[in-house]
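Chain by chain, the residues run as shown.
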Amino acid sequence: MSFRKIFLLAVVALGIAAFFVFDLGRFLSLEYLKQSQASFEALYASQPLKVSLVYFAIYVAATALSFPGAAIITLAGGAIFGLWWGTLLVSFASSLGATLAFLTSRFVLRDSIEAKFGNRLAEINRGIEKDGAFYLFTLRLIPVVPFFVINLVMGLTKMKALTFYAVSQIGMLAGTLVYVNAGTQLAQIDSLQGILSPALLGSFVLLGVFPLIAKWIVSLMQKRKVYARWASVKPQRFDRNLIVIGAGAGGLVSAYIAAVVKAKVTLVEAHKMGGDCLNYGCVPSKALIKSAKLAHQMRHGETYGLHSTTPTFSFKAVMRRIQDIVRAIEPHDSVERYTGLGVEVLQGYAKLVNPWTVEIALNDGSTQTLTTRSVVIAAGARPFVPPLPGLEDSGYVTSDTMWDKFGELDEVPKRLVVLGGGPIGCELAQSFARLGSQVTQVEMGPRVMAREDEEVSELARQTLMKDGVDVRTGHKALRVENTGGMKALVVEHAGTEERIEFDELLCAVGRSARLTGYGLEELGIPTNKTVETNEYLQTLYPNIYAAGDVAGPYQFTHVASHQAWYAAVNALFGDFKMFKADYRVIPWATFIDPEVARVGLNEQEAKEKGIAVEVTKYGIDDLDRAIADSEAHGFVKVLTVPGKDTILGVTIVGTHAGDLLAEYVLAMKHGLGLNKILGTIHTYPTLAEANKYAAGEWKRAHAPQQLLAWVGRFHDWRRG
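This one's a predicted model, so the numbers in the text were calculated from it and none came from an experiment.

A. Empty space enclosed by the protein, seen in detail. Scanning the model with the defined rule gives 1 cavity of 30 Å³ or more in all. There is about 40 Å³ of room inside the largest cavity. The class makeup of the residues in the lining of the largest cavity is 5 nonpolar, 2 polar and 1 charged.

The following block contains the structure:
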């Protein structure tokens, strides 16, 4: 640290020390102000310029050093100088002092903060560069965040000092007027009855109502700015209360909620009702996993005291069963069901023409245009296909297209390459290996299921390899070659190239949000891998919302349904009450065998975020029901606040882990700790007892040993 920084820090430290050593805070109280009011007024009457300058200097110093009591000093300005002169002094003094605090923070702290949090600060600076002035104006206008915090934090950004001063001067003016005006009324109090004077009551009412008024003004200004270029086309009347684009989980729930509350709602879907989950994802993949698990159990019949046998089956029959299951569930998400619920369902492609108008190219070739008060975008996501040379020419399938393509095969693909080591890749790799495919799984990263703890990733890798999957981590796909009908994926590993021959290649490297084709570009709605939304799921336009995979941050069906509630309710009733989307307790599961399920933090995330945790682990190999089912493998791992039973996160590896997790999701959602789980009766023998025993492990580790020692002596004494 340079000498100048040390000197400045010393000056600030001395100023703060003097404040406390000389007990200057006693002068910053309402009682002192009222006691000294007459003296201040007499002094000001005799020496107006000198008193004004001293007051100005004190205000600047107090604000620059972030002393408490700025409100009292402001009230004093009204009491001594009156409304207009007091407002003028306070306005300039507060802005100047705030700027000095801003510059001090920048000079002393910014370099060290940038060195430690450079990446995060860079993202903040991009936002400051784009909308920093308006954001600062909002904070100044709505006095929710303490002003001294704003001064110090803004100093860490790249906002220009002149911009900071000018915006602060304007933004704080309204609040300054309110406080100085209150000070003028306080100056008139000479008895207890004076407190009830209409003028004083009016000042305090204004103080209380001001933040609400300011918030409303800021919101109105922001809306006017956003909608300015569309003002001439805003309809006077609307055809619909809500239009929902996309009939996956997010869209279906949004439309359902709107219908329940008797809103006029239209749901637009271009392809299949039910979206990816019903038609390509959750439902068909779990049906495939079930068939594959049964084939695996038949091969290992001796585990259950039966004869092991090689399963014989028609792969077409397996795929036909999967389609039958999809068709059995389809009525839950069908056009007929939602029409019966009161939702208008249109099948076609929707496009936003302006913030209130949606043009729908119907599948029958006609076009329909509807106006609406609000829109929920629930367009979902599609499989991401990496730009590998030769991939398109050689052919490939994704988790979306494989069901139709493989449904035409008489046998499972003999040699299958699965590109990707995430949850989808692992589930499908294990399933096809159990059905008889020679599966090679290629993952560029150092391990599969990289979002989980290392021990979970390693357990998953071992499980996949045990089922015959050739797991190749640290292998980067370079290109696909097709020579004489022989197809091969060329990968790079440890500096050398390798060829992996295949009959079918399955791309399972993740999913990307659908961001094009329905008007986001024309309306200028920002996107960055997903549609950008605020905490209420609003896009750039407050009447346009997004939910589900297209909005992120999680690509799970249950999260899409969860977000849909917030999007629909805010869209329909946001003028009265807005709800922030709650992501505090988000569970998910990977349905390999054994399953991996998680909610909240895991160890690797806690370490990355610097969060102290205590880890409690219970091995399912000790659980009676798991032993009886020959499923005695896996564990329950609970992360808690050190020394407390407050649950921060849970990872379960084992059979039916996704079902077992529900108890912990409930506990975390409603603030229940491990003691509550331990005190809950669990049916014997069930897998759910694993949750109770994990809580018991925590309790045993926190047993009061000293007290137990005394209790032991008590029992010794009782025995004589």
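B. Representation of the pairing of strand S2 (residues 265-269). Counting buried residues in S2 gives 5 out of 5 residues, a clear majority hidden from the surface. Burial of the side chains of S2 extends over both faces: Val265, Leu267 and Glu269 are buried on one face and Thr266 and Val268 on the other. Of the strand pairs in this sheet, strand S1 (residues 240-245) and S2 are connected by 4 bridges, and their pairing is parallel. Looking at the pairing, Val244 lines up with Leu267 of S2. In this region the chain leaves S1, passes through helix H10 (residues 249-260) and returns to the parallel neighbour S2; the handedness of that crossover is right-handed.

C. Structural context of the nonpolar core. Counting residues in each nonpolar core, the largest one holds 35 residues, and the members touching the most others are Leu288, Phe315, Met402, Phe406, Phe432 and Val439. At the level of elements, helix H12 (282-299), helix H13 (315-329), helix H16 (402-407), strand S8 (415-419), helix H17 (423-434) and helix H18 (454-466) are the ones that each hand at least two residues to this core. With 5 residues, the top contributor of residues to this core is H17. Leaving out residues up to four positions away in the same chain, Met402 has contacts with Met319, Val397, Gly407, Leu428, Phe432 and Leu506.

D. Geometry of the side chain of Thr651. With respect to the helices and strands, Thr651 occurs in strand S23 (residues 647-654). Of the residues examined, Thr651 reaches a relative accessible area of 2% and is grouped as buried. Ignoring anything within four residues of it in the chain, the contact list for Thr651 reads Val456, Ala597, Arg598, Asn602, Phe635, Val636 and Lys637.

E. Representation of helix H23 (residues 657-669). With 13 residues, H23 should cover 18 Å at 1.5 Å per step; its first-to-last C-alpha distance of 18 Å lies within 8% of that length. Of all the bends in H23, the greatest, near 25 degrees, is centred on Glu663. When we look at burial in H23, the residues that qualify are Ala657, Leu660, Leu661, Tyr664, Val665, Ala667 and Met668. Of the surrounding secondary structure, the elements contacted by the buried residues of H23 are strand S19 (587-590), strand S20 (595-600), strand S22 (635-640), S23, helix H24 (674-678) and helix H25 (689-701). Residue Gly671 follows H23 closely and has a positive phi angle near 70 degrees.

F. Region of interest: the pattern of salt bridges. Scanning all chains against the criterion turns up 35 salt bridges. Where Arg373 meets Asp575, a salt bridge forms, and the shortest distance between an N and an O atom there is 3.9 Å. Taken together, the positions of Arg373 in strand S5 (residues 367-377) and Asp575 in the loop between helix H20 (557-573) and S19 put the pair 202 residues apart, joining distant regions of the chain. Owing to a relative accessible area of 43%, Arg373 belongs among the partly exposed residues under this scheme. Put simply, Arg415, Arg479, Glu481, Glu497, Arg499, Glu501 and Asp503 are held in one network by salt bridges that share partners.

G. Unusual backbone geometry, seen in detail. In this structure, Pro553 follows Gly552 across a cis peptide bond, with omega equal to 0 degrees. Mapped onto the secondary structure, Pro553 falls in the loop between strand S18 (544-546) and H20. Of note, the amide linkage connecting Tyr684 to Pro685 takes the cis form, showing an omega dihedral of -10 degrees. Counting through the fold element by element, Pro685 comes out in the loop between H24 and H25. Positive phi outside glycine occurs at Lys262, with the angle close to 65 degrees. Here Ala494, not a glycine, exhibits a phi torsion of approximately 55 degrees, which is positive. Within the secondary structure layout, Ala494 lies in the loop between strand S12 (486-493) and strand S13 (496-502).

H. Region of the structure containing the environment of Val650. Mapped onto the elements of the fold, Val650 is located in strand S23. Setting aside residues up to four positions removed in sequence, Val650 forms contacts with Ala597, Arg598, Val599, Leu601, Val636, Lys637, Val638, Leu661 and Tyr664.

I. Up close: the side chain of Arg598. You can see Arg598 is positioned in strand S20. A distance of 3.3 Å separates the side chain of Arg598 from the backbone oxygen of Arg451, its partner in a polar contact. A distance of 3.0 Å separates polar atoms of two side chains, one belonging to Arg598 and the other to Glu452. Those residues within four positions of Arg598 in sequence are excluded, and the remaining contacts are Arg451, Glu452, Ile586, Pro587, Trp588, Glu605, Val650, Thr651 and Leu661.

J. Region of interest: the sheet that holds S12. In spatial order, the strands read S11-S12-S13; together these 3 strands make up an open sheet with antiparallel pairing. The open sheet has two free edges, formed respectively by strand S11 (476-483) and S13, since each of these has just one partner strand. Going across the sheet, the axis of each strand differs from the next one's by a mean of 25 degrees, ignoring polarity. The pairing of S12 with S13 spans 7 bridges and is antiparallel. Its bridge partner lying in S13, Val491 is registered against Glu498.

K. Seen up close, helix H3 (residues 48-64). For H3, with 17 residues, the first-to-last C-alpha span of 24 Å sits near the 24 Å given by 1.5 Å per residue. If you check which residues of H3 are buried, you get Val51, Ser52, Tyr55, Tyr59, Val60, Ala62 and Thr63. The arc that holds every buried residue of H3, seen down its axis, measures 165 degrees, which confines them to one face. Residues of H3 that are exposed and point more than 90 degrees away from the buried face comprise Leu49, Lys50 and Leu53.

L. Highlighting the confidence of the model for the protein chain. On average, the protein chain scores 88 in pLDDT, and the residues at 70 or more come to 87%. For residues 189-196, every residue scores under 50 in pLDDT, and the model assigns this stretch 6 contacts once sequence neighbours within four places are set aside.

M. Just the packing of H10 against H20, in detail. The contact between H10 and H20 brings their axes to 8 Å, and the two run at 35 degrees. When you trace H10 past H20, the crossing you get is right-handed. From H10, Ala249, Gly250, Val253, Ser254, Ile257 and Ala258 reach across to H20, where they touch Thr557, Ala560, Ser561, Ala564, Trp565, Ala568, Val569 and Leu572. The residue inventory of the contact of H10 with H20, partitioned by class, reads 10 nonpolar, 4 polar and no charged.

The rules behind the values
- Residues numbered from 1 in each chain as written.
- Predicted model: local features only at pLDDT ≥ 70, side-chain atom pairs only at ≥ 80, totals over all residues.
- Heavy atoms only, no water.
- 1 Å grid on protein atoms, 1.4 Å probe; cavity = no way out; pocket = protein on both sides within 12 Å on 5 of 7 lines; lining within 4 Å.
- Points joined across faces, edges and corners; volume = space filled by probe spheres on them.
- Nonpolar A, V, L, I, M, F, W, Y, C, P; charged D, E, K, R; others polar.
- Buried < 20%, exposed > 50% of the residue type's maximum accessible area, 1.4 Å probe, protein only.
- Helix = DSSP H or I, 4+ residues; strand = E, 2+ residues; numbered from the N terminus.
- Pairing = 2+ DSSP bridges.
- Right-handed = clockwise from strand over helix to strand, strands pointing away.
- Core = buried A, V, L, I, M, F, W, Y, C linked by side-chain atoms within 4.5 Å.
- Contact = heavy atoms within 4.5 Å.
- Expected span 1.5 Å × (residues − 1).
- Bend = angle between axes of the 7 residues up to and from the residue.
- Salt bridge = Lys/Arg side-chain N within 4 Å of Asp/Glu carboxyl O.
- Polar contact = N/O pair within 3.5 Å; in protein donor to acceptor, adjacent residues only side chain to side chain.
- Axes fitted to C-alpha atoms, helices over the stretch in contact; angles between N-to-C directions.
- Arc of directions from axis to C-beta.
- pLDDT = per-residue confidence, 0-100.
- Left-handed = near helix turned anticlockwise from the far one by under 90°.

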